[in-house]
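Residues per chain, in single letters:
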Number of protein chains: 2
Amino acid sequence: MKLPGYENPELNAVFAALADPTRRAILARLSEGEANVRDLAEPFEMSQPAVSKHLKVLEASGLIERGQVGQSRPAYLKAAPMKEAMDWMEQFSRFWSGSFDQLDALLETMKSSEEDDLKDD
Amino acid sequence: MKLPGYENPELNAVFAALADPTRRAILARLSEGEANVRDLAEPFEMSQPAVSKHLKVLEASGLIERGQVGQSRPAYLKAAPMKEAMDWMEQFSRFWSGSFDQLDALLETMKSSEEDDLKDD
DNA sequence: TAGTTTCATAACCATATGGTTATTTCTTTA
DNA sequence: TAAAGAAATAACCATATGGTTATGAAACTA
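Calculation notes
Counting restarts for each chain: residues are numbered from 1 in the order of the written sequence. Chains and ligands are labelled sequentially in the order written, the chains with letters from A and the ligands with numbers from 1. Per-residue local features are limited, in this predicted model, to residues with pLDDT of at least 70; the limit for side-chain atom pairs, both in listing and counting, is 80 or more; totals at the level of whole chains, interfaces and linings are taken over all residues. Each side-chain value is worked out from all heavy atoms of the structure, with water and hydrogens disregarded. We call a residue near a molecule or strand whenever a single non-hydrogen atom of that residue lies within 4 Å of it. As used in this structure description, the phrase polar contact means that two N or O atoms lie within 3.5 Å; if the pair is within protein, one of them must be able to donate a hydrogen and the other to accept it, and residues adjacent in sequence are counted only when both atoms belong to side chains. Numbered from the N terminus, helices here are DSSP runs of H or I no shorter than four residues, and strands are runs of E no shorter than two. Under the convention adopted here, Pro, Cys and the residues Ala, Val, Leu, Ile, Met, Phe, Trp and Tyr are nonpolar, Asp, Glu, Lys and Arg are charged, and Gly plus all remaining residues are polar. Residues belong to one nonpolar core when they are buried, are Ala, Val, Leu, Ile, Met, Phe, Trp, Tyr or Cys, and are joined through side-chain atoms within 4.5 Å. Only protein chains enter the accessibility calculation, which uses a 1.4 Å probe; a residue is then buried when its area is under 20% of its type maximum, exposed when over 50%, and partly exposed in between. By definition, residues are in contact when any of their heavy atoms lie within 4.5 Å. Axis angles are defined between N-to-C directions and span 0 to 180 degrees, where every axis is a line fitted to C-alpha atoms and, for a helix, only to the segment in contact. Each angle gets one of four labels, with under 35 degrees taken as roughly parallel, over 145 as roughly antiparallel, 65 to 115 as roughly perpendicular, and the rest as oblique. Counted as salt bridges are all cases of a side-chain nitrogen of Lys or Arg within 4 Å of a carboxyl oxygen of Asp or Glu.

Undergrad: Before we move on, can you summarise the protein's contact with DNA strand D with the specific residues and values?
TA: Among the 21 residues in the neighbourhood of DNA strand D, the closest are listed as S47, K53 and H54 of chain A together with Q71 and R73 of chain B. Within 4 Å of the protein, the contacting atoms of DNA strand D are 63% sugar and phosphate, with bases supplying the remainder. At 2.7 Å from a base nitrogen of DNA strand D is found a side-chain nitrogen or oxygen belonging to Q71 of chain B. For the surface near DNA strand D, the secondary-structure elements that each account for two or more residues are α4 (48–61) of chain A together with α3 (37–41) and α4 (48–61) of chain B. The class makeup of the residues in the surface near DNA strand D is five nonpolar, nine polar and seven charged.

Here is the structure:
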C-alpha cells in the first residue's frame, strides 16, 4: 500500500498551522506586507503573547520567517511549504474536476453485492 | 483589514483533518477505492475505534461520506472541500512562483529604516 | 541613566486530540 | 434462535493547543 504524504512532519505542521483562523488571517495580512507583533495583535482581540505563540507555530511550519529590525522582529511570508501542501492535495484533483467521484466506486460495490445475493439463488 | 478565510469553520475542519498523517493516508487509500473500517484499520498499527474516530473527523470535515452495505459502512471520498482549501491557498501562489517573495518587502523596510537613521544626521 | 517599547518566556488553565480497552448495537449467518 | 462480525460508543488517559496574566530581556529614547 502506497501512503503518499504519510509520515511527513512538514505537511503535519503546515496543515496544522493553517487549521487556525487567526493564523490564516495573519498569513493573509502578511501577504500584503511584512508586519511586527504589535501590528498583527492590533486587529485581533488577543494579547501580544498569544500572537507571539501563533507566530512561533507559523515559523515552525516554515510558512513565515522573522527578521530583526532594531527591537522589532517583523514577520514575512515564506509560502513555499504551502505549495508542498497543495502538491499533496493535487493527487485528489480528479475528485473535484467533475469527471469522477468516489461515490461511483461505492455504488459499483453495492451493485456487485446485490449480484452476489442473486447468485445465491 | 481584509481577512480572507478568517472565521471559516469549514476551512478549520478541512485543514485540521489534513494535519494528521493517519487521516492523510486514509484519504490516499480512499482515492484508490472505497473501503470499510476494517480495511482501513489493517495497514495501521491501530485499533478499530481509533480508525472510526479518524473517519468521524474526516466526515465532519466533509472530505468523506459513509455508505451502508449490510453491516459494513464503506467510506468514500468527497474531495470538494479540499478544493475550497486549495482555493484559499491560491491567494499566496505568487509567493512561490519565483517572481516575488515577502522577503523583498522586509529588506525594503530595513533599507528605509537605515535611511531614517541617516536623516537624523 | 532612567524610562519606554517590543517581544519572549514562564506559569497556569480549560478544552481538544489521539490513542487505548471494554461494551453495545445492529446485521448476517449457521 | 444463537453465534459471529462490523462498527459505534463510552470511559479513560496523556499530551497538545490556544488562551490568559505576570514577568524578563533587549533595544531604543529622552
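Undergrad: So what about the nonpolar core? Which residues, and what values?
TA: Counting residues in each nonpolar core, the largest one holds 60 residues, and the members touching the most others are L27 and M89 of chain A together with L27 and M89 of chain B. Ignoring any residue separated from it by four or fewer positions in sequence, one finds M89 of chain B in contact with L18, M82, A85, M86 and M89 of chain A together with F15 and W96 of chain B.

Undergrad: Now, about helix α2 (residues 21–30) of chain A: what can you tell me, with residues and values included?
TA: Along α2 of chain A, ten of the ten residues are buried, which leaves the element largely enclosed by surrounding structure. Its side-chain oxygen placed 2.8 Å from the backbone nitrogen of T22 of chain A, D20 of chain A serves as the N-cap of α2 of chain A.

Undergrad: Quick one: what's the story with the protein's contact with DNA strand C, residue by residue and with numbers?
TA: The full set close to DNA strand C counts 21 residues, and Q71 and R73 of chain A together with S47, K53 and H54 of chain B are the nearest of them. Considering DNA strand C, the proportion of its atoms within 4 Å of the protein that are sugar or phosphate atoms stands at 61%. Here a phosphate oxygen of DNA strand C sits 3.3 Å away from a polar atom, N or O, in the main chain of V37 of chain A. For DNA strand C, a phosphate oxygen lies 2.7 Å from a polar atom in the side chain of S52 of chain A.

Undergrad: Pulling in residues and values, what's your account of the packing of helix α1 (residues 9–18) of chain A against helix α5 (residues 80–90) of chain A?
TA: In a packed pair of helices, the relevant descriptors are the angle between the two axes and the axis-to-axis distance. Residues and elements named next belong to chain A. As a packed pair, α1 and α5 sit with axes 10 Å apart at the nearest point and diverge in direction by 100 degrees. Relative to α5, the element α1 lies roughly perpendicular. Across from E10, L11, V14, F15 and L18 in α1, the residues of α5 making contact are P81, M82, E84, A85, W88 and M89. Residue composition of the contact of α1 with α5, by class: nine nonpolar, no polar and two charged.

Undergrad: Break down the pattern of salt bridges for me, with residues and values.
TA: Residues and elements named next belong to chain A. For the coordinates displayed, the defined rule picks out two salt bridges over all chains. Of the charged contacts, one joins K83 and D87 as a salt bridge, the two residues approaching to 3.1 Å between their closest N and O atoms. Here the residue K83 and the residue D87 both occupy positions in helix α5, the gap between them amounting to four residues, near one helical turn.

Undergrad: Describe the packing of helix α2 (residues 21–30) of chain B against α4 of chain B, listing the residues and the values that go with them.
TA: Residue and element names in this part refer to chain B. Contact pair α2 / α4: the axes reach a minimum separation of 10 Å and the direction vectors enclose 75 degrees. By the angle between their axes, α2 is roughly perpendicular relative to α4. Here T22, R23, I26 and L27 of α2 come into contact with α4, specifically with H54, L55, V57 and L58. Residue classes in the contact of α2 with α4 are distributed as five nonpolar, two polar and one charged.

Undergrad: So what's going on with the side chain of S61 of chain B? Residues and values would help.
TA: Residue and element names in this part refer to chain B. Within the fold, S61 resides in helix α4. Here the side chain of S61 touches L63 through a polar contact of 3.3 Å, landing on its backbone nitrogen. Dropping the residues within four chain positions of it, S61 is found in contact with A13, V14, A17 and P81.

Undergrad: I'd like to hear about the environment of E59 of chain B, residue by residue, with values.
TA: Residues and elements named next belong to chain B. With respect to the helices and strands, the residue E59 is situated in helix α4. You can call E59 partly exposed: its relative accessible area is 35%. Sequence spacing of E59 and A75 is 16 residues, and the spatial spacing of their C-alpha atoms is 8.9 Å. Excluding anything up to four places from it in sequence, E59 contacts I64 and R66.

Taken by themselves, the reported measurements are silent on function.
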